[in-house]
Amino acid sequence: MAAARKAALGPLVGAVDQGTSSTRFLVFNSRTAELLSHHQVEIKQEFPREGWVEQDPKEILQSVYECIEKTCEKLRELNIDISNIKAIGVSNQRETTVVWDKLTGEPLYNAVVWLDLRTQSTVENLSKRIPGNNFVKSKTGLPLSTYFSAVKLRWILDNVRKVQKAVEENRALFGTIDSWLIWSLTGGAKGGVHCTDVTNASRTMLFNIHSLEWDKELCDFFEIPMAILPSVRSSSEIYGLMKAGALEGVPISGCLGDQSAALVGQMCFQDGQAKNTYGTGCFLLCNTGHKCVFSEHGLLTTVAYKLGRDKPVYYALEGSVAIAGAVIRWLRDNLGIISTSEEIEKLAKEVGTSYGCYFVPAFSGLYAPYWEPSARGIICGLTQFTNKCHIAFAALEAVCFQTREILDAMNRDCGIPLSHLQVDGGMTSNKILMQLQADILYIPVVKPSMPETTALGAAMAAGAAEGVGVWSLDPEDLSAVTMERFEPQINAEESEIRYSTWKKAVMKSMGWATTQSSESGDPSIFCSLPLGFFIVSSMVMLIGARYISGSL
């Protein structure tokens, strides 16, 4: 019986899914796309100063090894032979910047995470040097922003002496998380492969998305030495072999930034197909085929994927929201109104409304479509009746309202409104969120029954690579996916009223920087103060009674 199961499974493919909040390793059946086993480890985020977000590259690497080992143990318990794992794909949080010593393998500084805002003054200084034709955006598809790797790397080179010395002595290597992992897993200081793929390279602001090469003019503008950059490869080819652990000798043959991986995992291979991923942030990508489409409404132009050295490149329009799942983590870790992320659904369900409370979680400024780094988070519309359930509901609504903004921008840029929204990511298990999203967009929301599409996309790229060939990407060979569908349940007028009220709160969040200097007699300042001010000053009267009653 056990032998029959092993034979029936056929070739397996593993996927490292290294995200902002956690690391996972998942193993799929390449013939059916069935998820067989996985393991997950939460990753710490460090906030050494306001606006700074860092992670330990060694902790990230160790979490990958741990997830691989634990998943392999689980497979053995299921009597599945791990020697059937024929390839490994890597999917990763994008833009997060690591610099390490190629002789010792040691990171020279913490990873500066994509959410980090410390480079705001760097961006302001650089923006003064960009001519009217904005060659940075025309070559990269990206606005000059704290979000992307080039300015993070520039800050590290300016401020970390260990890195400066390593560059002078030709010991420094730069990479996004994919590069750090692939280099380490393929041998590290003993012959590790220093590479990235086109999707991750396209998020650095140093990569020409037309020529698919590092761009000397861009590197000169940001004053980045090209010698520290990884080689750029396709998203599906053998980069090297695992050099340690339970899967030693298995090829690493797929690499995609997490949002590109989700696009592949959702099988959005046709021009005009789109998906929205709900993770730490929220990212809507629309496949634009072989052509770069430049947005007039605050979206990014990015590389979607290139599934083989000799295969064509595909591009995408992207709407990026900085804070989605991160707001739930904030309610858990900073305010303590929930003890697990799953509790948010229960709280929201208790009230079924925000009762006029609106939340703008601009913890890292606002991304698309505003690109306003000085915006700050606010909660407004509080009354004595407001409790933690209403705030929980408002937090979920905020994720949906932000998605509505980027979907509206996408529809205007593409000219053909989406008839439904394909979704994935950890937050999609929250049925209240999914129903809210359908109501606020006023179109159906469609969710695959297997939500791990990011890892699936990385596995598909790895399994399809030349020299591996265990996963067919031909449309007729792709497994049919069962879907869960959420239909709008409120009328369009109510949806518009809720959305327009939230938009007013967004305007207040963007006025935070200016109203901070307003005279205290200006009432608008009370709508624009930092989020903590609202929580403390507006709820302090309620704490005693609600603590006793158990509602807080």
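Everything discussed here concerns the structure shown above.
Note that the coordinates shown come from a computational prediction; the quantities given were computed from them, not determined experimentally.

Student: Please provide a residue-by-residue account of helix H11 (residues 325-335), values included.
Tutor: In terms of burial, H11 is largely enclosed, as eight of its eleven residues are buried. Backbone geometry just downstream of H11 places Gly-336 in the positive-phi region, at approximately 70°.

Student: An account of empty space enclosed by the protein is needed here, citing residue identities and associated values.
Tutor: Tallied over the entire structure, the rule returns one cavity of 30 Å³ or more. Counted as a void, the largest cavity has a volume near 70 Å³. In terms of lining residues, the largest cavity is bounded by Ser-320, Val-321, Ala-322, Ile-323, Pro-361, Ala-362, Gly-365, Leu-366, Tyr-367, Ala-368, Gln-402 and Glu-405. Of all elements in the fold, only strand S18 (314-321) and helix H13 (388-414) reach the threshold of two or more residues within the lining of the largest cavity. For the lining of the largest cavity, the residue count by class is eight nonpolar, three polar and one charged.

Student: I'd like a description of the nonpolar core, backed by residues and values.
Tutor: If you look at the biggest cluster of nonpolar residues, it comprises 141 residues, and the most contacted ones within it are Met-205, Phe-222, Tyr-278, Leu-331, Phe-359 and Leu-421. Contact partners of Met-205, with chain neighbours within four places excluded, come to Val-136, Thr-140, Leu-142, Pro-143, Leu-144, Ser-145, Phe-148, Ala-150, Val-151, Leu-218 and Phe-222.

Student: Describe in detail helix H5 (residues 149-159), supporting the description with residues and values.
Tutor: When you tally the buried positions in H5, you get nine out of eleven residues, the bulk of the element. Restricting attention to buried positions, one finds in H5 the residues Ser-149, Ala-150, Val-151, Lys-152, Leu-153, Arg-154, Trp-155, Ile-156 and Leu-157. On its buried face, H5 sits against strand S6 (97-101), strand S7 (111-112), helix H3 (120-127), helix H6 (161-168), strand S8 (172-176) and helix H9 (216-222).

Student: An account of the packing of helix H2 (residues 57-77) against helix H7 (residues 177-185) is requested, with residue identities and associated values reported.
Tutor: A pair of packed helices is captured by two measures, namely the crossing angle of their axes and the spacing between those axes. Where H2 meets H7, the closest approach of the two axes is 11 Å, and the angle between their N-to-C directions is 60°. Relative to H7, H2 is oriented oblique. The hand of the H2/H7 crossing is right-handed. For the pair H2 and H7, the contacting residues are Pro-57, Lys-58, Ile-60, Leu-61, Val-64 and Tyr-65 in the first and Ile-177, Trp-180, Leu-181, Ser-184 and Leu-185 in the second. Residues that form the contact of H2 with H7 fall into these classes: nine nonpolar, one polar and one charged.

The rules we used
Residues numbered from 1 in each chain as written. Predicted model: local features only at pLDDT ≥ 70, side-chain atom pairs only at ≥ 80, totals over all residues. Heavy atoms only, no water. Buried < 20%, exposed > 50% of the residue type's maximum accessible area, 1.4 Å probe, protein only. Helix = DSSP H or I, 4+ residues; strand = E, 2+ residues; numbered from the N terminus. 1 Å grid on protein atoms, 1.4 Å probe; cavity = no way out; pocket = protein on both sides within 12 Å on 5 of 7 lines; lining within 4 Å. Points joined across faces, edges and corners; volume = space filled by probe spheres on them. Nonpolar A, V, L, I, M, F, W, Y, C, P; charged D, E, K, R; others polar. Core = buried A, V, L, I, M, F, W, Y, C linked by side-chain atoms within 4.5 Å. Contact = heavy atoms within 4.5 Å. Axes fitted to C-alpha atoms, helices over the stretch in contact; angles between N-to-C directions. Parallel < 35°, antiparallel > 145°, perpendicular 65-115°, else oblique. Left-handed = near helix turned anticlockwise from the far one by under 90°.

By themselves, these figures tell us nothing about what the structure is for.
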